[in-house]
Amino acid sequence: MSKFDRRTFLRTTGAAAASAILPLAAPPLIRSSRAAGTVKLGCLFSSSGTMANLEGRMNFVAKMAAEEINAAGGVNGSTIEVVTSDPASDWPLYAQVGRQMLSETKVAALFGCWTSVSRKSVLPVVEQNNGLLFYPLHFEGDENSKNVVYVNSPPASSVLPAVDYLMSPDGVEAKRFFMVGSDYVWPRTINKQLKGYWKTKGIEESAWKEEYVPFSFSNFQTIVNQIRAFADAPGGKLVVVLTVVGSSIPDFMREFANQGISSSDVPVLGLDMVEADLEGLDTQKLVGHLNCWAYLQQAKGEANQKFLKSWADYVGKTKAPFRPDVAIDPMVSTYDAVHLWAMAAKKAGSFDVPEVRQAFAGLSFDCPSGYKIGMTAENNYVSRGVFIGSVNASQGFDVLWQSEGTPKPVPMSQYG
Amino acid sequence: MWRRSLLAGLLGAVVACGPAAAAFDRAAIAAQACGGAAGMTDAANAMAAGLVDASADDAKWTVALAGAAIDRGLKCGPGGAMIVRSEGAVNAVTLSPVDGGGGTSPLLSLKNRPLFETVRAAATLRSGATADERGAALAALERRAGSLPPEFFEKAAETEADAGLKARILGVGQAALLNSPDMPKRIAAIEHIAATSDRRALTRVDGLKSDPAYRTDPAFRGAVDEGVASIGRWLALSNALNVFYNGLSFASILFMASAGLAIIFGLMGVINLAQGEFIMIGAYVAYAVQETLRAVAPSLIDWYLIAAIPVVFVVTAGIGVAVEATIVRRLYTRPLMTLLATWAVSLLLVNLMRVAVGTQNLQFVTPWYISGGRLLMGDFIVTWNRLFAIVFAAVTLALTWFVLKRTPLGLNIRAVTQNRAMAGCVGIATRRVDMMAFGLGSGLAGLAGLALCPIYNVNPQMGSNFIVDSFMVVVLGGVGTLAGTAIASLGVGQINVLIEPLYGAVAAKVIVLLMIIAFLQWRPEGLYAVKGRRK
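Along each chain, residue indices are assigned from 1 in the same order as the chain's sequence is written. Each chain is given a letter, starting from A, and each ligand a number, starting from 1, according to the order in which they appear as written. Totals for whole chains, interfaces and linings use all residues, but because this is a predicted model, local features are given only for residues with pLDDT of at least 70 and pairs of side-chain atoms are given and counted only at 80 or more.

Per an unreviewed UniProt entry, chain B is named Urea ABC transporter permease subunit UrtB, and its organism is Hansschlegelia quercus. Its UniProt record, at the heading Sequence similarities (unreviewed entry), says of chain B: "Belongs to the binding-protein-dependent transport system permease family. LivHM subfamily." UniProt positions are given in the numbering used here, feature names are shortened, and annotations may be inferred rather than shown by experiment. The annotation that UniProt attaches to chain B under Subcellular location (unreviewed entry) is "Cell membrane".

Chain A is annotated in an unreviewed UniProt entry as Branched-chain amino acid ABC transporter substrate-binding protein from Hansschlegelia quercus.

(A) Quick look at the overall build of chain A. Helices and strands together make up the secondary structure of chain A, namely 12 helices and 15 strands. For this measure, only C-alpha atoms enter the radius of gyration; the expected value for a globule follows 2.2 Å times N^0.38, where N is the number of residues. For 416 residues, the compact-globule estimate of 2.2 N^0.38 gives 22 Å, and chain A sits close to it at 23 Å. With respect to the principal axes defined by its C-alpha atoms, chain A has extents near 75 × 70 × 40 Å. Within chain A, the proportion of its 416 residues that are buried is 56%. The contact rule is simple: place each C-beta atom from the backbone, and if two of them lie within 7 Å, those residues are in contact. Sequence-distant contacts, at least 24 apart, represent 71% of the contacts inside chain A between residues at least 6 apart. Numbered from the N terminus, helices here are DSSP runs of H or I no shorter than four residues, and strands are runs of E no shorter than two. For every residue, the other C-beta atoms within 10 Å of its own C-beta are counted; 20 or more classify it as buried, 12 or fewer as exposed, and values in between as partly exposed. C-beta atoms are placed from the backbone.

(B) Examining the overall build of chain B more closely. Each helix and strand in chain B was counted, giving 22 helices and 5 strands. The globule rule puts the C-alpha radius of gyration for 535 residues at 24 Å, and the 31 Å found for chain B is more than 25% above it. On the principal axes, the C-alpha backbone points of chain B span a range of 100 × 65 × 40 Å. Of all 535 residues assigned to chain B, the portion counted as buried reaches 46%. Nonlocal contacts in chain B, meaning residues at least 24 apart in sequence, comprise 70% of its contacts between residues at least 6 apart.

(C) Local environment of the environment of A:Met273. Residue and element names in this part refer to chain A. Along the chain, the position of Met273 falls in the loop between strand E9 (268–270) and helix H9 (275–278). Taking C-alpha positions, Met273 is 19 Å from Glu210, a pair spaced 63 residues apart along the chain. Those residues in contact with Met273, other than ones at most four positions away along the chain, are Leu242, Ile249 and Asn291.

(D) Expanded view of the nonpolar core. As used here, a nonpolar core is made of buried Ala, Val, Leu, Ile, Met, Phe, Trp, Tyr and Cys residues. They are joined through C-beta atoms within 7 Å. Counting 223 residues, the largest nonpolar core has A:Leu41, A:Phe134, A:Leu269, B:Ala283 and B:Ala286 as the members making the most contacts within it. The element contributing the most residues to this core is helix H12 (residues 218–267) of chain B, with 16 residues. Contacts of B:Ala286, omitting those with residues within four sequence positions, involve B:Tyr304, B:Leu305, B:Ala308, B:Val312, B:Gly449, B:Leu450 and B:Cys453. B:Ala30, B:Trp61, B:Leu125 and B:Leu178 belong to the second-largest nonpolar core, a separate cluster that totals 63 residues.

(E) Fine view of the UniProt feature "transmembrane region" (unreviewed entry) in chain B. UniProt's feature table lists "transmembrane region" (unreviewed entry) at residues 248–271, 278–297, 303–323, 335–357, 384–404, 437–458, 470–490 and 502–522 of chain B, given in the numbering used throughout. Segment residues 470–490 of chain B splits into 81% helix and 0% strand. End C-alpha atoms: 13 Å apart.

(F) Summary view of helix H10 (residues 302–318) of chain A. Residues and elements named next belong to chain A. Take the residue count of a helix, subtract one, and multiply by 1.5 Å to get its expected span. Between its first and last C-alpha atoms H10 spans 24 Å; for 17 residues at 1.5 Å apiece the expected length is 24 Å, and the two agree. Buried within H10 are the following residues: Asn304, Phe307 and Trp311. Burial along H10 is one-sided: seen end-on, the buried residues are contained in an arc of 60°. Facing away from the buried side of H10 by over 90 degrees, the exposed positions are Glu302, Gln305, Lys309, Asp313, Gly316 and Lys317. On its buried face, H10 sits against helix H2 (52–71) and helix H11 (329–348). Taken from the helix axis, the directions to the C-beta atoms give the arc we talk about.

(G) Structural view of the environment of B:Gly35. The topology assignment puts B:Gly35 in the loop between helix H2 (26–33) and helix H3 (36–50). On the neighbour-count criterion, B:Gly35 (16 C-beta atoms within 10 Å) is partly exposed.

(H) Quick peek at the domain arrangement of chain B. For the domain bounds, the source is a domain assignment made automatically or taken from a database. When cut into domains, chain B gives domain 1 (2–176) and domain 2 (240–361 + 377–522). If you average the C-alpha positions of domain 1 of chain B and of domain 2 of chain B, the two centres end up 50 Å apart.

(I) Looking closely at the domain arrangement of chain A. Residue and element names in this part refer to chain A. Here chain A is partitioned into domain 1 (38–152 + 299–385) and domain 2 (159–293). Taken residue by residue, the interface counts 15 residues in domain 1 and 14 residues in domain 2. Elements with a contribution of two residues or more to the side of domain 1 that touches domain 2: H2 and helix H4 (116–128). Considering every element that reaches the side of domain 1 that touches domain 2, the biggest residue donor is H4, with 3 residues. Think of it as three bins: nonpolar holds Ala, Val, Leu, Ile, Met, Phe, Trp, Tyr, Cys and Pro, charged holds Asp, Glu, Lys and Arg, and polar takes everything else, Gly as well. Taken together, the residues that form the side of domain 1 that touches domain 2 break down as 6 nonpolar, 5 polar and 4 charged.

(J) How the structure looks around the pairing of strand E10 (residues 290–293) of chain A. Residue and element names in this part refer to chain A. Burial along E10 is two-sided: Leu290 and Cys292 and Asn291 and Trp293, pointing in opposite directions, are all buried. Any two strands with at least two DSSP bridges between them are considered paired. Sheet topology note: the E9/E10 ladder contains 2 bridges and is parallel. Bridge assignment links Leu269 to a residue of E10, and that residue is Leu290. Note that E10 and strand E14 (residues 387–391) share 4 bridges and pair antiparallel. Each bridged residue has a counterpart across the sheet, and for Leu290 the counterpart in E14 is Ser390.

(K) Layout of helix H10 (residues 199–207) of chain B. Three or more residues of H10(B) are buried, namely B:Arg199, B:Ala201, B:Leu202, B:Arg204 and B:Val205. Turning to H10(B), the residues buried within the fold contact helix H7 (221–232) of chain A together with helix H9 (183–196) and H12 of chain B.

(L) Representation of the interface of chain A and chain B in the model. Contacts between the two partners involve 54 residues from chain A, matched on the other side by 50 residues from chain B. Among the elements of the structure, helix H1 (6–25), H2, strand E7 (208–213), H7, helix H8 (248–258) and strand E15 (397–402) of chain A are those that each provide at least two residues to the side of chain A that touches chain B. The leading source of residues in the side of chain A that touches chain B is H7(A), at 7 residues. In terms of residue class, the side of chain A that touches chain B is made up of 18 nonpolar, 23 polar and 13 charged.

(M) Molecular detail of the sheet that holds strand E2 (residues 80–85) of chain B. All names here are of chain B. Ordered by their spatial adjacency, 3 strands build an open sheet running E1-E2-E3, and the pairing between neighbours is antiparallel. Strands at the two margins of the open sheet, each flanked by one partner only, are strand E1 (74–77) and strand E3 (88–91). Each neighbouring strand pair of the sheet contributes to a mean axis angle of 35°, computed without reference to strand direction. Across 4 bridges, the pairing between E1 and E2 is antiparallel. In this analysis, axes come from line fits to C-alpha atoms, helices being fitted only over the stretch in contact, and the angle between any two N-to-C directions falls in the range 0 to 180 degrees.

Written as structure tokens, this is what we have:
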């Protein structure tokens, strides 16, 4: 009889399985090391759960930007080390991991969050610890913390220009609106502001409808039926303002196309829609639908070519599980954020948050979008350009319209 | 709204140009098409106005130019407008080959896109080679008939050779005469519009109630009232059908996701939290089959969904058997431990997939048989991908039922389920039966992944979306019965779809959960309880 009986087999396979699973499963896993002459930056982006496909790539972008800065000699004599984590698309976990990063890992700044609900969860943590969070998404505004740098645009300089364009004779002279959103703070606040805005434009309340769905909802049949019915009712051109997030976006677009509605019938303005959401969809039938961001991959200019090339090279080098030929706005915003932080730290000659914050005023950076983005002493908002993109047949967005310059960001909405 | 403004623009163009509109000035139109957004609008209007009297040759040219503008094959260079095709560039005016280098291709604005689509369809109607092609163009024009000059359809019908199509063109032309000064024509238009009976028709006919003629002309009033009533009746029916179809589609998804669990949890009592990951693996295997077909037999790639059925079943069943033999088997007496162990398996599978393939959504080919949908009646639309899932679920239900009730394996599974000790006593190899049952359950989950890949995004996390719903359905249906699972899916699906338009999707989910809790208070064993001794 061999020594290898069932008990030992169980014990060894059990131990092997546990050791295989644990490093993958333990949620707030922070891989860090303490070395002299380095300054740590922390990333709060999920690599698991519903946001993984979108947020996961930002870890790599932050590292790529840090490598660029390190190659140019680092900051204040230190090299940057990027510490990543996995808050697993679980909103309270963002706060927990953020707290660990600030108080234990001692990161100089945090970069992270996609959804507003995760930012709201981290907000008290950065305020208590007097940390800095660079937030790379366009969002609902109405927030102005001295501990958060809003790298992307509030509605007044992203959503409202896009809606204005749709309502203008150059757009489609939209008269009615169907709002579909995931049920959380960003869609609800955006829609509230939009309704307030439309009221100031003299649009009746009967001209819009509002529907909310749970996170990762996918059964859009009934809602698309409702949109079809509303589109055929009298009162003028209908536009869908889509604020669902994550996997709900492709699911919605697929159902929309399958029910035979084209962008010439009812255009969809997808406020959170990026190239990655079109992966796996037949975009031939979606051509002409819209999004609005502060960066689109087809932005003209040398800075963009350089950024796209660095990203492709970086993906090739690190074997990151993301497409080398796709760049989305939050990636660029994260890239801008790391550079802005490094510029501020250099200008301040220190990594301490109060000094770095002092140095924000007057910074400007050549963003891959082609605009010169800048910050003022007034608040922690970054002024960005505005693009309206239009879906093309090859799963990307063409630039349909872009703003003249970078509108001054207005943190607080005046529309409700 | 653009329709009305376009109509005004067209009329303006026709009036301004007068008889000269007949002359189709290709060079001017091509130049306009390169003149920015406003120029493109002018070009589309000029083409639409010119098409009434255009020669077949001019119509063909219009198809080429409008098509190029839509597909971004139009290029505006220093040498004028060009059309870039896969076989080379041609001059946009003469369609003779040119050296195509440089220039930018203008992007159609939101306003211009429908104009060019209408022009392309109208020109195809005049010049399409086959009756099918012209018929498809007419179908595209039907919704936009009002944006073309009224005489267009009469002219198109004159030159149409196919008798059936000719009648259809005249019909569409009639519908475009809703605002004609000639009263019999108006009434004919109302009758024609009312025949389609969708909500758009209702809006158009109902809008006529504010027309002065509605008060003065009894025949007109009668036609409008009759039209509104008839459309209303059909709309109510088509809405009911829509709700039923949506419910059925949701039910088929719920059933596919929970059929495997009905066997694993329902019959065997194993709380398998990795069930969602078997669904995910099924979808990934379908993807592997698609990629293999792409490499080996590219002409058959549209059939990967069918070709993958046996492969998906065998692979996921194999993984299920392996999980059962290595992990679950040891834990049959400790159900809570199976919960933990299978949860670990689920994490392991998700992370393995993420490391091996990546987190992005997989790119599936959309075969023609599951792409798009068809308006059957009024507003009732049948989308092929959902129909595929419904049929797939029905066939799965039938086959699984057959296996459980009519085969020796099914008899053994039921025997072990009802009384494990007794089944063992009469000589059934209970261990082997457990393994086969677990394999069957996993295979069914794999098939669910296959059926769902035309509807859902396929990524490593997709499984977690199904796990709660599928446990809910199995428990509601009554642990241990397939029929209960099927009926519970139908019930949950239909109720969800009925509530959703009234209170929204979030509330629908909550209300359905509350109803299930209330129901289980009253009938803890679920819809169908297995009669006989358990455990």
